[in-house]
Amino acid sequence: MSTPRIFVPNDATAIACGADRVARAFADAFAARGIEAVIVRNGSRGLFWLEPLVEVETPAGRVGYGPVKASDVTGLLDAGFMDGKAHPLCVGVVEELPYLKKQTRLTFARCGIIDPLSLDDYKAHGGYLGLAKAVQIGPAATVEEVFQSGLRGRGGAGFPTGIKWRTVAATAADQKYIVCNADEGDSGTFADRLIMEADPFCLIEGMTIAGLAVGATKGYVYCRSEYPLSLVVMEKAIAIARKAGLLGDNILGSGLAFDMEMRMGAGAYVCGEETALLESLEGKRGVVRAKPPLPAIKGLFQKPTVINNLISLATVPVILEKGGAFYRDFGMGRSRGTMPIQLAGNIKYGGLFETAFGIPLGELVYDIGGGTASGRPVKAVQAGGPLGAYLPISQFDTPFDYEAFAAKDALIGHGGIVVFDDTADMAHMARFAMEFCAHESCGKCTPCRIGSTRGKETLDKIIAGERREANLAILTDLCQTMKLGSLCALGGFTPYPVISALTHFPEDFGAAPRLPAAAE
Amino acid sequence: MHASGYEPWSAERAAQIIADHQHLAGATMPILHAVQEVFGFVPEPVVPMIAESLNLSRAEVHGVVTFYHDFRREPPGRHVIKLCAAEACQSMGSEALAAYAEQKLGLEMGETSADGRVTLEPIYCLGLCACAPSALIDGRLVGRLDRDTIDEIAAEAGR
Ligand SMILES: Cc1cc2nc3c(=O)[nH]c(=O)nc-3n(C[C@H](O)[C@H](O)[C@H](O)COP(=O)(O)O)c2cc1C
Ligand code: SF4
Ligand code: FES
Ligand code: FES
């Protein structure tokens, strides 16, 4: 029999909840008991409420236990953990958990299963089949495949990735770049982080395919500084890929060249905006550029640049492997394929849920997410990060789809959903939206830079009950100015959380509570 | 070495860091990160050095240092506690915890204690939003943060 293997995630959330201590406790216990076993540090499967989720390989499959504390290890081993025996923390065969079974994992197919830094594992699970296909069919057909898939940018704006690639491919230049946006600043999101920590070669493969497709030989991943572990894992994976000839001057013997490096942000939310990100990569202040020119024409160092969100790029390998038509078959309307939805905040089963577009919001919050962690009633969710609207329960029938959300003045953004229970004060959240905008504004335009500070002050007055009607009129007017007069979506979209909070929860802004009959 | 693990200012050391990173395209940020990792902050004398070696004006480099929230212009406390202040953590009571930490440490958000022992700061999302509230304490990630953890940190920092 081969040496038994157990799995303890090396993932930021798992570690933040004690995974390193758990791994050490297992290593110590194995030594003390003379048990021969391998401890694999896999990535997380994204079932974060169970982290640290420890798994053991058994003939029936990988059996999971979680959330495990270091102090649980002795008891687990006594109860027969190595054979997948019963224990209060046992969740059974992990792949059979409904939370995973209900998902359609295309982009995240390998996450939590493989050793993130094992190329053999990666290849055994379909890795590098996409790149092989791209090399075989050539650049033009690769761009077409991505176009046919219907993939839209997962960073927020939802622009068709294939069209962006076509533009860069068609623009002649001595140097072109692939830039991966891994700034992931939205509260409630962690999909980019999960890929970097659980399946880094998937991003490397996606960027390599992008490079070959548009004729770019150099890639940068701009990763936020709040993700120190992601940076470490990615650096290691890039070194491994380089050594294996999967990055460099002659990829897969194709004669084509592509290499990439990691760059670290410095705590500026606005640097997630693509042109601010490019400025930052160039070593400047992260001030937003006016468009045109588009980055696809004049991007990094004025050269044609594909800048895509990390999930857009990490989805490319499966599209190439299985075909654009396969990917396009999932989803609804103009939202094709799957979306890694991130359930966060005050939610019982927080984690990553990848599924085809079209699932209703309420199903995500209640059926998948189990309602609030506090056990109190849900009041609202904020979807799409700090620039996204607050949706009340009355809008929970909205399907998860770019257009359906837009029709409600809401945003799916990068796929984050933050749940709030009935103790949340929506006037306070509206004030926070303005405060955050003021804190993060790049300062280029007045409505954003000054308007957000005025907005915060005006909300302070409203909250204090000072000249309520007059100040609400000022706030509404200010929001209109910010929407129309801001260069980028930081100033332009901050009004959405503010106005949605005001529209759906006027009682939190000092209005008389609505009668039930008057509710929507 | 300082108790905090940072090196005291040295122009030679700074010059070395700059030389190590100067070849990178857009080298300003990698240099500033490396400087801060070694010295704990971005000492003023390094600004003209970076400017000169990258052929930039002092004002440009100064502008970069001041734009980004991460770059410090003063040394941090020996312990640095960053509490997440973004929405998902708020939904799990981070504001009450932050108030508790302020009271326990006798500091306001953004302050370093007079004895240089501890710095308390907000941070906006660590990507641990499904295990909120969260914190970054001396570079260590902490999820499911509660008062007990804050008490432990305060004790460690001698409060
Ligand atoms: C203030 C602001 C912050 C943004 N933050 C991010 C981010 O963290 N990650 C991201 O991928 N896109 C972010 N975006 C969107 C990018 O500007 C851009 O649309 C995206 O990188 C394009 O890639 P995609 O087409 O693959 O989505 C942000 C936009 C704005 C206005
Ligand atoms: S809206 Fe705000 S962040 Fe965007 S360009 Fe204008 S000032 Fe900068
Ligand atoms: S600072 Fe440019 S608009 Fe005023
Ligand atoms: S909001 Fe606190 S970790 Fe994301």
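Below is a short write-up of the structure.

Conventions adopted
Residues numbered from 1 in each chain as written. Chains lettered and ligands numbered in written order. Predicted model: local features only at pLDDT ≥ 70, side-chain atom pairs only at ≥ 80, totals over all residues. Heavy atoms only, no water. Helix = DSSP H or I, 4+ residues; strand = E, 2+ residues; numbered from the N terminus. Rg over C-alpha atoms; globule rule 2.2 N^0.38 Å. Buried < 20%, exposed > 50% of the residue type's maximum accessible area, 1.4 Å probe, protein only. Contact = heavy atoms within 4.5 Å. Areas by Shrake-Rupley, 256 points an atom, 1.4 Å probe, with all protein chains shown as cover. Lys, Arg positive; Asp, Glu negative; His and termini not counted. Charge placed at Lys NZ, Arg CZ, Asp CG, Glu CD. Near = heavy atom within 4 Å. Polar contact = N/O pair within 3.5 Å; in protein donor to acceptor, adjacent residues only side chain to side chain. Nonpolar A, V, L, I, M, F, W, Y, C, P; charged D, E, K, R; others polar. Salt bridge = Lys/Arg side-chain N within 4 Å of Asp/Glu carboxyl O. Phe/Tyr/Trp six-rings, centres within 6.5 Å; stacked < 30°, edge-to-face > 60°. Lys NZ or Arg CZ within 6 Å of the ring centre and 35° of its normal. Pairing = 2+ DSSP bridges. Axes fitted to C-alpha atoms, helices over the stretch in contact; angles between N-to-C directions. Buried area = accessible area lost by both parts, 1.4 Å probe. Parallel < 35°, antiparallel > 145°, perpendicular 65-115°, else oblique. Left-handed = near helix turned anticlockwise from the far one by under 90°. Core = buried A, V, L, I, M, F, W, Y, C linked by side-chain atoms within 4.5 Å.

A few words now on the overall build of chain A. Along chain A, the regular secondary structure elements total 21 helices and 16 strands. Taken over C-alpha atoms, the radius of gyration comes to 24 Å for chain A, in line with the 24 Å a tight globule of 520 residues would show. Once the C-alpha set of chain A is aligned to its principal axes, its extents read approximately 75 × 60 × 40 Å. Here chain A holds 520 residues, and the buried ones make up 60% of them. By sequence separation, contacts in chain A at least 24 residues apart represent 70% of the contacts at least 6 residues apart. Just so you have it, chain A exposes about 18,400 Å², and 55% of that area is on carbon and sulfur atoms. Charged side chains in chain A number 51 positive and 56 negative. The centres of these two groups are separated by 4 Å.

Let us now look at the site of ligand 1. Residue and element names in this part refer to chain A. Close to ligand 1 lie 18 residues, the nearest being Gly 155, Asn 181, Asn 308, Asn 309 and Ser 312. Between ligand 1 and Asn 181 there is a distance of 2.9 Å, counted from an oxygen atom to a side-chain nitrogen or oxygen. The backbone of Gly 272 places a nitrogen or oxygen atom 3.2 Å from a nitrogen atom of ligand 1. Taking 610 Å² as the accessible area of ligand 1 by itself, protein coverage stands at 91%. Among the elements of the structure, strand S9 (305-309) and helix H20 (489-493) are those that each provide at least two residues to the shell around ligand 1. If one sorts the elements of the shell around ligand 1 by residue count, S9 sits on top with three residues. Grouping the amino acids of the shell around ligand 1 by side-chain chemistry returns four nonpolar, eight polar and six charged.

Counting across every chain of the model gives 36 salt bridges over all chains. One salt bridge connects Glu 7 of chain B with Arg 13 of chain B, and the closest N-O pair in it is separated by 2.8 Å. Overall, the relative accessible area of 24% leaves Glu 7 of chain B in the partly exposed class. Asp 151 of chain B is paired through a salt bridge with Lys 104 of chain B; the nearest N and O atoms lie 3.5 Å apart. Taken as a pair, Asp 151 of chain B in helix H7 (residues 147-156) and Lys 104 of chain B in helix H6 (residues 94-105) lie far apart in primary sequence, 47 residues in all. According to the relative accessible area criterion, Asp 151 of chain B is partly exposed, its value standing at 27%. Residue Lys 104 of chain B is classed as partly exposed on the basis of its relative accessible area of 32%. Three or more residues are tied together by salt bridges with common partners; here these are Arg 45, Glu 55, Arg 62 and Glu 95 of chain A.

What follows is about the packing of aromatic side chains. Enumeration according to the criterion identifies 24 aromatic pairs over all chains in this entry. Measuring from ring centre to ring centre gives 6.0 Å for Tyr 68 of chain B and Phe 71 of chain B, while their planes differ by 75°; the resulting arrangement is edge-to-face. On the basis of relative accessible area, Phe 71 of chain B is assigned to the buried category, the value being 7%. Of the aromatic side chains, those joined through ring pairs into one cluster are Phe 26, Phe 30, Tyr 65 and Phe 81 of chain A. The side chain of Arg 166 of chain A reaches across the aromatic face of Phe 147 of chain A, ending 3.8 Å from its centre. Directly above the ring of Tyr 227 of chain A sits Arg 224 of chain A, whose terminal nitrogen or CZ lies 4.9 Å from the centroid.

What follows is about the pairing of strand S7 (residues 218-223) of chain A. All names here are of chain A. Among the six residues of S7, five are classified as buried, and the element is accordingly described as predominantly covered. Summarising the sheet, strand S6 (residues 177-182) and S7 pair through six bridges and their orientation is parallel. Within the sheet, the bridge partner assigned to Tyr 177 lies in S7 and is Lys 218. Sheet topology note: the S7/strand S8 (residues 259-264) ladder contains six bridges and is parallel. Counterpart to Lys 218 in the pairing with S8 is Asp 259.

Our focus in this paragraph is the site of ligand 2. The full set close to ligand 2 counts 13 residues, and Cys 442, Lys 444, Cys 445, Cys 448 and Cys 488 of chain A are the nearest of them. Here the shell around ligand 2 is built from residues that sort into eight nonpolar, four polar and one charged.

Residue and element names in this part refer to chain B. Taken in spatial order, the four strands of this open sheet run S2-S1-S3-S4, and their pairing is mixed. Whereas interior strands pair on both sides, the edge strands pair on one side only; in this sheet they are strand S2 (118-123) and strand S4 (140-142). Taken over all neighbouring pairs, the strand axes of this sheet differ in orientation by 20° on average, direction set aside. Where strand S1 (residues 79-84) lies against strand S3 (residues 135-137), three bridges are found, and the strand directions are antiparallel. Each bridged residue has a counterpart across the sheet, and for Lys 82 the counterpart in S3 is Leu 136.

To continue, consider the interface of chain B and chain A. Of the residues lining the interface, 36 residues belong to chain B; the matching set on chain A comes to 60 residues. The junction of chain B with chain A conceals about 3,600 Å² of combined surface from both sides, 59% of it contributed by carbon and sulfur atoms. A per-residue breakdown of the area chain B buries against chain A is headed by Phe 67, Glu 87 and Tyr 124 of chain B, which together make up 19% of the total. For the pair chain B and chain A, the interface holds zero salt bridges. Across the contact surface, chain B and chain A share 28 residue pairs in polar contact (both at pLDDT 80 or more). Elements that contribute at least two residues to the side of chain B that touches chain A include exactly helix H2 (28-39), helix H4 (58-67), helix H5 (87-90) and S4 of chain B. Taken together, the residues that form the side of chain B that touches chain A break down as 22 nonpolar, 10 polar and four charged.

Looking now at the sheet that holds strand S13 (residues 351-356) of chain A. All names here are of chain A. An order of S13-S12-S16-S14-S15 is seen for the five strands of this open sheet, with the pairing classed as mixed. The open sheet has two free edges, formed respectively by S13 and strand S15 (390-392), since each of these has just one partner strand. Between one strand and the next, the sheet's axes are offset by a mean angle of 30°, whatever the strand orientation. Judged from the three bridges that link them, strand S14 (residues 378-383) and S15 form a sheet pairing that is antiparallel. Looking at the pairing, Val 381 lines up with Leu 391 of S15. Running at roughly 120° to S14, helix H15 (residues 361-368) makes contact with strand S12 (338-345), S13, S14, S15 and strand S16 (416-421) of the sheet.

Before going further, it helps to examine the packing of H2 of chain B against helix H3 (residues 46-54) of chain B. All names here are of chain B. Where H2 meets H3, the axes come as close as 11 Å, and the angle between the chain directions of the two elements is 150°. What the angle tells us is that H2 and H3 run roughly antiparallel. Of the two possible hands of crossing, H2 and H3 adopt the one that is right-handed. Taken together, the residues of H3 that come into contact with H2 (itself represented by Thr 28, Ile 31, Leu 32 and Val 35) are Val 46, Ile 50 and Leu 54. Looking at the contact of H2 with H3 residue by residue, the classes come out as six nonpolar, one polar and no charged.

In terms of nonpolar packing, the biggest core is built from 173 residues, with Phe 26, Phe 81, Trp 165, Leu 203 and Ile 204 of chain A together with Tyr 68 of chain B touching the most fellow members. By residue number, the principal contributor to this core is helix H10 (residues 200-214) of chain A, which donates 10 residues. Excluding anything up to four places from it in sequence, Phe 81 of chain A contacts Ile 6, Phe 26, Val 54, Glu 55, Val 56, Tyr 65 and Leu 76 of chain A. Counting 31 residues, the second largest nonpolar core, distinct from the first, contains Leu 53, Val 94, Leu 343 and Val 378 of chain A.

Next up on the list: the pairing of S13 of chain A. One face of the sheet, then the other: side chains in a regular strand alternate in exactly this way. Residues and elements named next belong to chain A. With six of its six residues buried, S13 lies for the most part within the structure. Across six bridges, the pairing between S12 and S13 is antiparallel. The residue of S13 that forms the bridge with Ile 341 is Phe 353.

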